[in-house]
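Architecture and fold: a report
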Amino acid sequence: MSLTLRQAESYVRLAERWGVRGFPGSMIPNTERLFGIWFRPNDQVLFDAEEGTLAEIEANLAFGKAHMGKGDGRIQPMMSPHACDTHTPATMAALAAAADELGTGLHIHLSQGRQETDDVRRLWGKTPTEWLESFGFFTNGPVFGAHMSGLDWKIDAPILAKHGVVYSHCPSAGGAGNGTQPYPEALAAGMNVNIGIDTHSNDYLEDLKLAVLYGQARHSLRRQLDPDGQPTVRPTVWNAVDAATRIPAKGLGRDDLGVIKPGARADMISVDVSGMLVGSGALPPEPLNNLLYANGRMVRTAMTDGRLQVYDSHFVADNEMDVLANGGKVVEKVWAQLADEGWFTETAR
Ligand SMILES: [Zn+2]
């Protein structure tokens, strides 16, 4: 979920060049409009924003159609509304029609917090999950919902499990150390859970570790304190690897992804789990457990559709040094602008 359509366009440009498999879309409302609507002083702001949001839905649909199937079918744009609390019945209906037309489903932030669930209930008499269901989203293609910290477990979890909706659990969301999320509850409720990056830590192995470690800590604390009797399951690295491979592939309705078998796409990584800091110099009998001591630097190989993107631990889809130099120039510009605006002064802290 890109922050703007411009960012989504950049994503497609690079994803195509580097051979990445991607399901892009821009957040609707995008971040140039989002915060005024999300943190609105009253609901009139939401209704006044309707026309602009409808225009964004149309622009995103056009983006989706323009890029659908690019990169030998690897680029599959999806509709990507921000969340239910920044939409109205009219924009939800337009999103449902656009998602139908694209045919690739949607990804959305779903019950990110208690406030979202309360706001949607107050306005429309339903939880965000019930509201999505009422527009037919769950029966018309894949749905990936991120965060879900404010879910009504009794009402929502059975609906999500029934339709095979994927909970995109992003353990580093909001930045590392920003609290734990209901991964153990979702496992206990029989939901399909995928682990996402939320672009806070872009080291996916770190995110898998965080999901397991945060999840185990949350499970133990909840068992001790039992705040609401909600059952939990203690996540393991086996759950996390499933959450990185088979579960999201199934959620996308793709039996040629997330598995290694004849006829599947050759999307694979290899990780060295026998070297220094991670292993012991020998091939371990339970190699997945060693991932709990690994990070992205231990990735030896990454390939999509059989095309190597990382080889012998080096990024080979482009010139690594050029990518870093160009990225550095851009962020230095952003930092200079922030410095000019006084964000790095003593008072700003
Ligand atoms: Zn997020």
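In this text, all values refer to a predicted model and were calculated from it rather than measured experimentally. (Residues numbered from 1 in each chain as written. Predicted model: local features only at pLDDT ≥ 70, side-chain atom pairs only at ≥ 80, totals over all residues. Heavy atoms only, no water.)

1. A few points about the pattern of salt bridges
Rule in force here: When a carboxyl oxygen of Asp or Glu lies within 4 Å of a side-chain nitrogen of Lys or Arg, that pair is called a salt bridge. The helix and strand labels rest on DSSP assignments: H or I over at least four residues marks a helix, E over at least two residues marks a strand, and numbering proceeds from the N terminus. Note on exposure labels: buried denotes an accessible area under 20% of the residue type's maximum, exposed denotes more than 50%, and partly exposed covers the range between, all computed with a 1.4 Å probe on protein chains only.
Under the criterion given, the structure shown has 22 salt bridges. We note a salt bridge from Glu 56 to Arg 33, for which the minimum N-O separation is 2.7 Å. Pair noted here: Glu 56 is in helix α4 (residues 50–67) and Arg 33 is in helix α2 (residues 31–38), with a separation of 23 residues, a long-range link. Overall, Arg 33 belongs to the partly exposed group, its relative accessible area being 24%.

2. Focus: the pairing of strand β3 (residues 166–169)
What counts here: Look down the strands so they point away from you; if the path from the first strand over the helix to the second goes clockwise, the crossover is right-handed. Between any two strands, pairing holds if DSSP finds at least two bridges.
Of the two faces of β3, the one holding Val 166 and Ser 168 and the one holding Tyr 167 and His 169 are both buried throughout. Considered for its hand, the β-α-β crossover made up of strand β2 (residues 143–147), helix α8 (residues 153–163) and β3 is right-handed. Pairing geometry for β3 and strand β4 (residues 192–195), over four bridges, is parallel. Bridged to Ser 168 within β4 is Asn 194. Since β3 and β4 lie parallel, the crossover through helix α9 (residues 183–188) that links them has a hand, and here it is right-handed.

3. Comments concerning the domain arrangement of the protein chain
What counts is decided by this rule: The domain boundaries here were taken from an automatic or database domain assignment.
For the protein chain, the assigned domains read domain 1 (5–251), domain 2 (268–315) and domain 3 (322–349). Each of domain 1 and domain 3 was reduced to a C-alpha centroid, and the two centroids are 29 Å apart.

4. Describing α4
Stated precisely, the cut-off is as follows: Here, expected helix span is obtained from the residue count minus one, scaled by 1.5 Å.
Across its 18 residues, α4 extends 26 Å between first and last C-alpha, which sits within 8% of the 26 Å expected from 1.5 Å per residue. Where α4 terminates, the next one or two residues include Gly 69, which has phi positive at roughly 80°.

5. Overview of the nonpolar core
Filter applied, for reference: Within this scheme, the nonpolar core is defined by two criteria: the residues are buried Ala, Val, Leu, Ile, Met, Phe, Trp, Tyr or Cys, and they are joined through side-chain atoms within 4.5 Å. Residues count as neighbours in contact if any of their non-hydrogen atoms are within 4.5 Å of one another.
Ranked by internal contacts, the top residues of the largest apolar core, which has 47 residues, are Met 79, Leu 132, Phe 137, Phe 138, Leu 160 and Met 191. Of all the elements, helix α5 (residues 89–102) adds the most residues to this core, at six residues. Residues lining this core come from more than one domain, with at least three contributed by each of domain 1 (5–251) and domain 2 (268–315). Setting aside chain neighbours within four positions, we find Met 191 in contact with Met 148, Leu 151, Trp 153, Ala 157, Leu 160, Ala 161, Tyr 167 and Ala 186. Ranked by size, the runner-up nonpolar core spans six residues in total, among them Met 78, Phe 144, Ala 249 and Leu 252.

6. Quick look at the layout of surface pockets
Test applied: Site definitions follow a grid-based scheme: protein atoms alone, a 1 Å grid, a 1.4 Å probe that fits but cannot get out for cavities, and for pockets an open set with protein on both sides within 12 Å along at least five of seven lines, plus lining residues having an atom within 4 Å of a point. Grid points are joined across faces, edges and corners, and a volume is the space filled by probe spheres set on the points. For this scheme, ten residues count as nonpolar: Ala, Val, Leu, Ile, Met, Phe, Trp, Tyr, Cys and Pro. Four count as charged, namely Asp, Glu, Lys and Arg, and the remainder, Gly too, count as polar.
Computed from the structure, the second largest pocket encloses a volume of approximately 220 Å³. Taken together, 15 residues form the lining of the second largest pocket, with Arg 114, Leu 151, Trp 153, Asp 228 and Gln 230 sitting closest to its centre. Sorting the residues of the lining of the second largest pocket by element identifies α8 and α10 (204–225) as the ones contributing at least two each. Considered class by class, the residues forming the lining of the second largest pocket number three nonpolar, five polar and seven charged.

7. Points about the sheet that holds strand β6 (residues 299–304)
Across the sheet, four strands lie side by side as β5-β6-β7-β8; this open sheet has antiparallel pairing. The open sheet has two edge strands, β5 (268–271) and β8 (314–315), and neither has a second partner. Note that β5 and β6 share four bridges and pair antiparallel. Bridge pairing in β6 places Ser 270 opposite Thr 301.

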